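# Observations on the model geometry
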Amino acid sequence: MSEQIDMAKVEAMAGKVIGDVAGAMSLFMAYLGDRTGIFDALDGAGRVTVAELARKTGLNEKYLHEWLGSVSAAGYVTFHPDDETFSLPPEQALVFAREGQPACMQGFIQAIVSQYEEYEQSVEIFRSGKGKPWGEHTQCLFCGTDRFFRPGYQANLIDIWIPSLAGVEEKLKAGARVADIGCGHGSSTVLMAQAFPNSTICGIDYHAPSIEEARRKAEAAGVTNIEFQVATAQDFAGKDFDFACIFDALHDMGDPVGAARHIRETLKKDGTFMLVEPMAGDTMAENMNPLGQIFYAFSTTVCTPNSLSQDVGLGLGAQAGQKRLTEVLEEAGFAKVRRAAETPTNMVLEVTG
């Protein structure tokens, strides 16, 4: 039987791929603009010519001409055809230039670029079925991940997420012991230390270089109610914590049940565990959207390989969903799991009992 081809569907799919290729190249152009300071130079400069921007940045005018053509076609920079000038209105500046703003996407873009930097190794890991520890990724991923998550934590952690938990904010204000597990570069740890000076915040991560960077951030912030340790979520030191938290990291762990069990054992009886995980439905069908597309992709090259590189290797994936996460937490011995808050990209679970 001959195969019937619907050419309209072929053309539609080819058109989609062209759009995706355009998007991929635009992200790379955005990365170039971030690393070379072009977006910063455009922010607040009004309408400028290519020559003026070249003088302002010290960059090659011919390169800038091509770059501006690409990012303007993408809608990342505004082109004014009447006088052939370019500008970066505040709406674009918030996304591409203003570091630390919740809308700034440069950290996310940097993390994506890091995956292309490692493309050959990713192919081999995928083909072999073996794992890849977090520490074997490029530094670009570590920095990009911290840059991407930090603004969201700044916008939500102190003012929304912690107040959504029963009695936790009051404990932290009075003085509590806190374990921030999988703290990475320590952005969340420092935020809590600054907001709750009567509490002691312990940042924990098994990646020693990240802990070194976290210590530098804490020192730069001038916080003294903070400590760090290099340890896994299954064996970190300490007990009688009033509050424990994991931000976007439980699904990366080889043994999330063991991690949650250890957290439960180190909490006080009335302690609370806050689990922040990527937003996801409980079935793949519910995650067939752009956010799911992105999270499944990162899970393919970062999250699942990290899990498979560790003991147990459960491989929850970045789109585990609340139902599956609840099963993990209940297997670890917790009695109650409640969704306390959410953002477009994250769910916040209050875990007790």
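The structure contained in this document is the topic of the report that follows. (Residues numbered from 1 in each chain as written. Predicted model: local features only at pLDDT ≥ 70, side-chain atom pairs only at ≥ 80, totals over all residues. Heavy atoms only, no water.)

### Section: the sheet that holds strand β5 (residues 226-230)
One key point about sheets: their strands pair by backbone hydrogen bonds, in either a parallel or an antiparallel sense. On the basis of which strands lie adjacent, the open sheet formed by 7 strands has the order β5-β4-β3-β6-β7-β9-β8 and mixed pairing. Single-partner strands in this sheet number two, and they are β5 and β8 (336-342). Between one strand axis and the next, the sheet turns through 20° on average, direction left out of account. Strand direction decides the pairing type here: strand β3 (residues 177-181) and strand β4 (residues 200-205), joined by 5 bridges, are parallel. Note on β4: the bridge partner recorded for R177 is T200. With respect to the sheet, helix α10 (residues 187-195) is in contact with β3, β4, β5 and β6 (241-247), its orientation differing from that of β4 by roughly 175°. (Pairing = 2+ DSSP bridges. Helix = DSSP H or I, 4+ residues; strand = E, 2+ residues; numbered from the N terminus. Axes fitted to C-alpha atoms, helices over the stretch in contact; angles between N-to-C directions. Contact = heavy atoms within 4.5 Å.)

### Overview of the side chain of S199
Looking at the element boundaries, S199 is found in the loop between α10 and β4. Every residue in contact with S199, bar those within four places of it in the chain, is listed here: K171, L172, G175, A176 and N225.

### Regarding unusual backbone geometry
Positive phi is not limited to glycine here, since E84 has a value of about 55°. With respect to the helices, strands and loops of the structure, E84 is situated in the loop between β1 (78-80) and β2 (85-87). Even without being glycine, V312 reaches a positive phi, approximately 75°. Mapped onto the elements of the fold, V312 is located in the loop between α13 (290-308) and α14 (321-331).

### Some remarks on the packing of helix α12 (residues 256-266) against α14
For the pair α12 and α14, the least separation of the axes is 8 Å and the interaxial angle reads 55°. By the angle between their axes, α12 is oblique relative to α14. Handedness of the α12/α14 crossing: right-handed. Counting all contacts with α12, which are made through P256, V257, A260 and R261, the residues of α14 involved are V328, L329 and E331. (Parallel < 35°, antiparallel > 145°, perpendicular 65-115°, else oblique. Left-handed = near helix turned anticlockwise from the far one by under 90°.)

### A look at the side chain of H262
When you line up the elements, H262 lands in helix α12. What H262 contacts, discounting residues up to four positions off in sequence, is A233, Q234, D235 and F236.

### Here's the deal with the packing of aromatic side chains
A full pass over the atoms with the stated rule returns 14 aromatic pairs. Their ring planes at 50° and their centres at 5.0 Å tell us that Y153 and F247 sit as a pair that is tilted. Of this pair, Y153 sits in helix α8 (residues 139-161) while F247 sits in strand β6, placing them 94 residues apart in sequence. Classification of Y153 as buried rests on a relative accessible area of 8%. Relative accessible area serves as the criterion here: at 6%, F247 is assigned to the buried category. What links up through ring pairs into an aromatic cluster is the set F108, F148, F149, Y153, W161, F247 and F298. Above the face of the F241 ring, R177 is positioned so that its terminal group lies 4.5 Å from the ring centre. (Phe/Tyr/Trp six-rings, centres within 6.5 Å; stacked < 30°, edge-to-face > 60°. Buried < 20%, exposed > 50% of the residue type's maximum accessible area, 1.4 Å probe, protein only. Lys NZ or Arg CZ within 6 Å of the ring centre and 35° of its normal.)

### Comments concerning the pairing of β5
Relative to β5, β4 runs parallel, the two being bridged by 5 bridges. Bridge pairing in β5 links D205 to V230. Taking the sense of rotation as the criterion, the β-α-β connection linking β4, helix α11 (residues 208-221) and β5 turns out right-handed. (Right-handed = clockwise from strand over helix to strand, strands pointing away.)

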